[in-house]
Amino acid sequence: MASVAKIGSLMATVVKSSNTGKLVYSTGGSRGTFFDAFKAFNSKPHMAEKLAREINKSSEKIKSKADKVLKPLCEGLGEFGSRVKKVEKITGKIPRAMDDLTFDDAVRYISEGRITNVLGDGYGARIILNNPKDVPTLIDRLINLHQQGKIKISLVENYRGNGINPYVNGRNMRLIDELDVGKNTTINKVKEAGYTRTNMDIFVNGTKLEFQIGGKHTTRFGEVEHYLYDMRLQGKPDLSKLNDSQKTLFYKMRDRYTQLSQNEKLDTEYKKYLTDVWKVLKQAEEKNLPFPELPKLPLNIPKILSVENLLKLEKIT
């Protein structure tokens, strides 16, 4: 069992005693339950980093096995890729993961000795589709692996911007729901800033992984749009792939974006602009067109925040 906190050990003892009701008992006064304390304790910087190192280590161990399971899914449909997230990035996501952790999942992860499953994207894989029309074939392959017991589909988050067709349609979402693997297996959600992608939580050999479905153009844009995402969440972006001039541009963009986000009207207008970009890219994929001409930046948005500038942060090979 992963040793992530003294409180975690206490919870584990309670779980093993088959008296999980004790987990909802108050720790005294107004301090909440053991479960609350567990989440709060492991959100502290030093404990978050410790848990992040364990997640990184377990992800490294599963990568080879997971690649062998997931890569064949993509044959003839698109490009497969995978990565193990760095400790620093995982550490920054631990507090939010703890906030989202449910009581039932905590009990399950601890009793199975897999508390590292609190975060599912330590290992992440993706397919960059040749054509969005191939999604039904991909879903059929995923469901087939699930039924064979080689993977377990746990959650499908079908994200899209307003007015944008999602990658996974209603019929295929229903097929996944029919697997009956638990409540809220599929989630359809419109994202304010236009993010359009399907993210899946999948278990391979008991380890929770993330599998993303996207297209050529949205993936290219998504590679740099995540810098804005980090800014919105006040996260710690990984700038290791940027050269000095790109870093300078990033900091200038961050300063202006921080100012803009404090103005509700401008922030809403900018998110609509980003949504329009995602929409144009997705439509170009659907029509099998090359990377399209992008929407113009609204006049009252600082020019430095244009998508053209954002694309200057692309990795230089």
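Not measured: the values here are computed from a predicted model.

So, about the overall build of the protein chain. Looking only at helices and strands, the protein chain has eleven helices and six strands in total. Out of the 317 residues belonging to the protein chain, those deemed buried represent 47%. Contacts in the protein chain between residues at least 24 apart in sequence constitute 75% of all its contacts with a sequence separation of at least 6. For the protein chain, the accessible area works out to roughly 16600 Å², and carbon and sulfur atoms hold 48% of it.

Two elements in contact, helix α2 (residues 34–43) and helix α3 (residues 45–70), have axes separated by 5 Å at closest approach and are oriented at 85°. As judged from the angle between their axes, α2 and α3 are roughly perpendicular. Touching F41, N42 and S43 of α2 are P45, M47 and A48, all from α3. Each residue belonging to the contact of α2 with α3 can be placed in one class, and the counts come to four nonpolar, two polar and no charged.

Another aspect to go through is the sheet that holds strand β4 (residues 186–191). If you walk across this open sheet you meet the six strands as β1-β2-β6-β5-β3-β4, and the pairing is mixed. With partners counted over all chains shown, the strands left at the sheet margins are β1 (78–84) and β4, one partner each. Averaged over all pairs of adjacent strands, the angle between their axes in this sheet comes to 20°, without regard to strand direction. Pairing analysis gives six bridges linking strand β2 (residues 123–129) to strand β6 (residues 207–215), with the strands arranged parallel.

What follows covers the confidence of the model for the protein chain. When pLDDT is low, close inspection of the predicted coordinates is not appropriate. In the predicted model, the protein chain carries a mean pLDDT of 88, and the fraction of residues at 70 or more is 87%. Below a pLDDT of 50 lies the segment residues 14–27, which in the model reaches 30 contacts outside its immediate sequence neighbourhood of four places, other chains included.

What counts, and where the lines are drawn
Residues numbered from 1 in each chain as written. Predicted model: local features only at pLDDT ≥ 70, side-chain atom pairs only at ≥ 80, totals over all residues. Heavy atoms only, no water. Helix = DSSP H or I, 4+ residues; strand = E, 2+ residues; numbered from the N terminus. Buried < 20%, exposed > 50% of the residue type's maximum accessible area, 1.4 Å probe, protein only. Contact = heavy atoms within 4.5 Å. Areas by Shrake-Rupley, 256 points an atom, 1.4 Å probe, with all protein chains shown as cover. Axes fitted to C-alpha atoms, helices over the stretch in contact; angles between N-to-C directions. Parallel < 35°, antiparallel > 145°, perpendicular 65-115°, else oblique. Nonpolar A, V, L, I, M, F, W, Y, C, P; charged D, E, K, R; others polar. Pairing = 2+ DSSP bridges. pLDDT = per-residue confidence, 0-100.

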